[in-house]
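So the chains spell out like this:
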Amino acid sequence: MVQEHGLSIRRACRAACLARSAFYAPRRPRDDGPVITAIEGYVRVNPRQGFDKLYPSLRGQGFGKCRLYRVYRALGLNIKRRGKRRLPARIKVPLVIPAQPNEIWSADFMADALWSGRRFRTFNVIDDFNREALKIEIDTSLPARRIVRALDELIELRGKPAGLRMDNGPELISDELERWARRHGIERRFIQPGKPMQNGLIERFNRTYREEVLDCYVFETLGEVRRMTADWITRYNGIRPHESLGNVAPRQYLMAQSP
């Protein structure tokens, strides 16, 4: 309108319903190559950092926030945040010692590291009746499918429990474990979030395992951890006296209580 019809900038902007500042604003550069190069270089070094970390690092190079975010989104680099899984209401259940074996098992996870710094996890299961260590599964990763397999192996050797007491860890509230418990007719007894003492028997077992094995030795391989753990379980169940059982070992207590 300014060039073809000879209108003033003011009248032309009014006719186009635009602010006059839009006419004088500098044009955005068409070439986003430098922005793409800068973003890709930053993401290559910091792959798990989002835009909130990227922008303060690159704005010193003269890139505007809107332009950076437009190119960032166009490259598909925006990290999706996992929403927290909403837990159903957990009811406080008194910690009562079962009257017979295989009535209630308690399960929990622990974590430690090898000498190289490589992290590993353990999945611990005990029988609440005599505090016997039933199984300690050890690996660098213990997903829900691995937990189900370990519990199936334990059921083949020991028989299935009536209930399984555990916290609200992601592997333990998974659909995989829910289907497993429904298939075997086992009740899952969840403690309230942030209340580990509602699962106090396994927590006390974890402390003993950490003091006598994990913190007592330096491990270089997972094989060493598994070998030392298996040897300790044999001594814990058959030799080591347990104060709450009258200073006898869990296996001895089980034999004494058997009719």
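Up top you'll find the structure we're talking about.
About the criteria used
- Residues numbered from 1 in each chain as written.
- Predicted model: local features only at pLDDT ≥ 70, side-chain atom pairs only at ≥ 80, totals over all residues.
- Heavy atoms only, no water.
- Axes fitted to C-alpha atoms, helices over the stretch in contact; angles between N-to-C directions.
- Helix = DSSP H or I, 4+ residues; strand = E, 2+ residues; numbered from the N terminus.
- Parallel < 35°, antiparallel > 145°, perpendicular 65-115°, else oblique.
- Left-handed = near helix turned anticlockwise from the far one by under 90°.
- Contact = heavy atoms within 4.5 Å.
- Nonpolar A, V, L, I, M, F, W, Y, C, P; charged D, E, K, R; others polar.
- Buried < 20%, exposed > 50% of the residue type's maximum accessible area, 1.4 Å probe, protein only.
- Pairing = 2+ DSSP bridges.
- Patch = residues over 30% accessible without salt bridge, like charges linked within 9 Å, V, L, I, M, F, W, Y side chains within 5 Å.
- Areas by Shrake-Rupley, 256 points an atom, 1.4 Å probe, with all protein chains shown as cover.
- Salt bridge = Lys/Arg side-chain N within 4 Å of Asp/Glu carboxyl O.
- Lys, Arg positive; Asp, Glu negative; His and termini not counted.
- Charge placed at Lys NZ, Arg CZ, Asp CG, Glu CD.

S.K.: Looking at this model, I keep getting lost on the packing of helix α8 (residues 200–214) against helix α9 (residues 222–238). Mind explaining?
M.R.: Relative orientation and spacing of two packed helices are given, respectively, by the angle between their axes and the distance between those axes. One way to put it is that α8 packs onto α9 with a least axis distance of 11 Å and a crossing angle of 120 degrees. As the angle between them shows, α8 and α9 are arranged oblique. Crossing handedness for the pair α8 and α9: right-handed. Facing α8, whose interface residues are Phe205, Thr208, Tyr209, Glu212 and Val213, α9 presents Val225, Thr229, Trp232 and Tyr236. Classifying every residue of the contact of α8 with α9 gives six nonpolar, two polar and one charged.

S.K.: Whenever I open this one, the pairing of strand β3 (residues 132–139) confuses me. Can you help?
M.R.: Each regular strand carries side chains that alternate between the two faces of the sheet. Here β3 lies mainly inside the structure; eight of its eight residues are buried. The turn joining strand β2 (residues 119–127) and β3, which pair antiparallel and follow one another in sequence, is formed by four residues; a positive phi near 60 degrees is taken by Arg131.

S.K.: I would appreciate a short explanation of unusual backbone geometry in the present structure.
M.R.: Across residues other than glycine, the phi torsion is negative in most instances, and most of the peptide bonds are trans. Phi at Cys17 takes a positive value of approximately 60 degrees, unusual for a residue other than glycine. Checked against the element boundaries, Cys17 lands in the loop between α1 (9–15) and α2 (20–24). Positive phi is not limited to glycine here, since Asn102 has a value of about 60 degrees. Here Asn102 lies in the loop between α5 (65–74) and β1 (104–113).

S.K.: How do you make sense of a positive patch on the surface when you look at a structure like this?
M.R.: The grouping of Arg10, Arg11, Arg14 and Arg20 at the surface amounts to a positive patch. Sorting elements by how many residues they give to the positive patch places α1 first, with three residues. Note that Arg14 resides in helix α1.

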